[in-house]
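Chain residues, written in single-letter form:
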Amino acid sequence: MSRRALVRLVSFVVLLVLVVSVAAVGGLPHRDQIEGWVDAAGPAAPAAFVLLYAVITLFPVPKNLLGILGGLLFGMALGLLLVWGAAMLGAMAAFVIGRALGREAVEQMTGARVARVDEALARHGLLSVIAVRLVPVLPFTAINYSAGLTGLPYRAYLLGTAVGILPGTVAYVALGAYATDLSSWPIVAAVTALIVLTVAGVVAARLWRKPRTETT
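Residues numbered from 1 in each chain as written. Predicted model: local features only at pLDDT ≥ 70, side-chain atom pairs only at ≥ 80, totals over all residues. Heavy atoms only, no water.

Engineer: Help me understand the overall build of the protein in this model?
Structural biologist: For the protein, the count of helices and strands is 10 helices and zero strands. Secondary structure elements in the protein, listed N-terminal to C-terminal, are α-α-α-α-α-α-α-α-α-α. Residues counted as buried form 40% of the 216 residues belonging to the protein. Put simply, the protein shows about 11,400 Å² of open surface, and 71% of that area lies on carbon and sulfur atoms. (Helix = DSSP H or I, 4+ residues; strand = E, 2+ residues; numbered from the N terminus. Buried < 20%, exposed > 50% of the residue type's maximum accessible area, 1.4 Å probe, protein only. Areas by Shrake-Rupley, 256 points an atom, 1.4 Å probe, with all protein chains shown as cover.)

The structure is reproduced here in structure tokens:
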């Protein structure tokens, strides 16, 4: 898991550099123009975004860009509410679906080692859920389905997810909300937060696995 997190961190940095480069060359729409697009769509825009995000969450594809898109389209406050709510809906649905499908189907669909997730959640419970959710580059969908196959209580899963995804969600939404001013402090703070969360998650994962290694 630590190795995958490092790979995803590098991928995120590369993607961020590409986005900034494209924005610097071609420019981004002005905030007033973006708000005009959203206003023209009316109430259907937020509803459609939440539904799309929640559905995409059920599939093992990157969803972080949707968080950035939410901030770009709806701004910081509303974007955060929509992205966080959509992520929670998708996480709840995947948890239930995972329990219905069974271990073999989930492992084939997500490529995750359910036994490893089960062991981690069994050892640390709620704290484990919060920890893996704090790392923004860990596979969100795989964790959702795998958690449904563990003995983790539904309430602990929901609470851990609700708390754990919040910092990363704030950072990704901020990237979109302030994308029209790439030199602003919220952009710098968001990128710094994502890197710190990822590195801290990698370190925590190694520390948690260390006692198990020493006792075997």
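That was the structure; now back to the text.
Engineer: I keep staring at the packing of aromatic side chains and nothing clicks. Help me out?
Structural biologist: Each pair of aromatic rings is reported with the distance of its centres and the angle of its planes. Applying the stated rule across the entire model yields four aromatic pairs. Judged by centre distance (5.5 Å) and plane angle (65°), the ring pair of Phe49 and Phe74 falls under edge-to-face. Placement of the pair is Phe49 in helix 3 (residues 44-56) and Phe74 in helix 4 (residues 64-101), with a sequence separation of 25 residues. Note on Phe49: relative accessible area 6%, which makes it buried. (Phe/Tyr/Trp six-rings, centres within 6.5 Å; stacked < 30°, edge-to-face > 60°.)

Engineer: Is there a simple way to explain the nonpolar core in this structure?
Structural biologist: Most often, soluble globular proteins keep nonpolar side chains buried together rather than apart. Phe49, Tyr53, Phe74 and Tyr157 are the most contacted members of the largest nonpolar core, which totals 23 residues. Of all elements in the fold, only helix 3, helix 4, helix 8 (140-147) and helix 9 (154-177) reach the threshold of two or more residues within this core. Per-element tally for this core: the top contributor is helix 4, with nine residues. Counting eight residues, the second largest nonpolar core, distinct from the first, contains Ala171, Ala174, Leu175 and Ile187. (Core = buried A, V, L, I, M, F, W, Y, C linked by side-chain atoms within 4.5 Å.)

Engineer: So what exactly am I meant to see when it comes to a nonpolar patch on the surface here?
Structural biologist: Together, Leu51, Val55, Phe59 and Val61 give the surface a local cluster of nonpolar side chains, amounting to about 360 Å² of exposed area. Checked against the element boundaries, Val55 lands in helix 3. (Patch = residues over 30% accessible without salt bridge, like charges linked within 9 Å, V, L, I, M, F, W, Y side chains within 5 Å. Salt bridge = Lys/Arg side-chain N within 4 Å of Asp/Glu carboxyl O.)

Engineer: When you look at the environment of Gly98 in this model, what are you seeing that I'm missing?
Structural biologist: Within the fold, Gly98 resides in helix 4. A sequence separation of 52 residues divides Gly98 from Thr150, and the C-alpha atoms of the two residues are 9.6 Å apart. Setting aside its immediate chain neighbours within four residues, Gly98 contacts Val106, Tyr145 and Leu149. (Contact = heavy atoms within 4.5 Å.)

Engineer: So what exactly am I meant to see when it comes to the packing of helix 4 against helix 8 here?
Structural biologist: Geometrically, a packed helix pair is captured by the angle between its two axes and the distance between the axes. Two elements in contact, helix 4 and helix 8, have axes whose closest approach is 6 Å; the angle formed by their N-to-C orientations is 45°. With respect to their mutual orientation, helix 4 and helix 8 come out oblique. Where helix 4 crosses over helix 8, the handedness of that crossing is right-handed. The residues of helix 8 that touch helix 4, namely those facing Ala87, Gly90, Ala91, Ala94, Phe95, Ile97 and Gly98, are Phe140, Asn144, Tyr145 and Ala147. (Axes fitted to C-alpha atoms, helices over the stretch in contact; angles between N-to-C directions. Parallel < 35°, antiparallel > 145°, perpendicular 65-115°, else oblique. Left-handed = near helix turned anticlockwise from the far one by under 90°.)

Keep in mind these numbers describe shape, not what the thing actually does.
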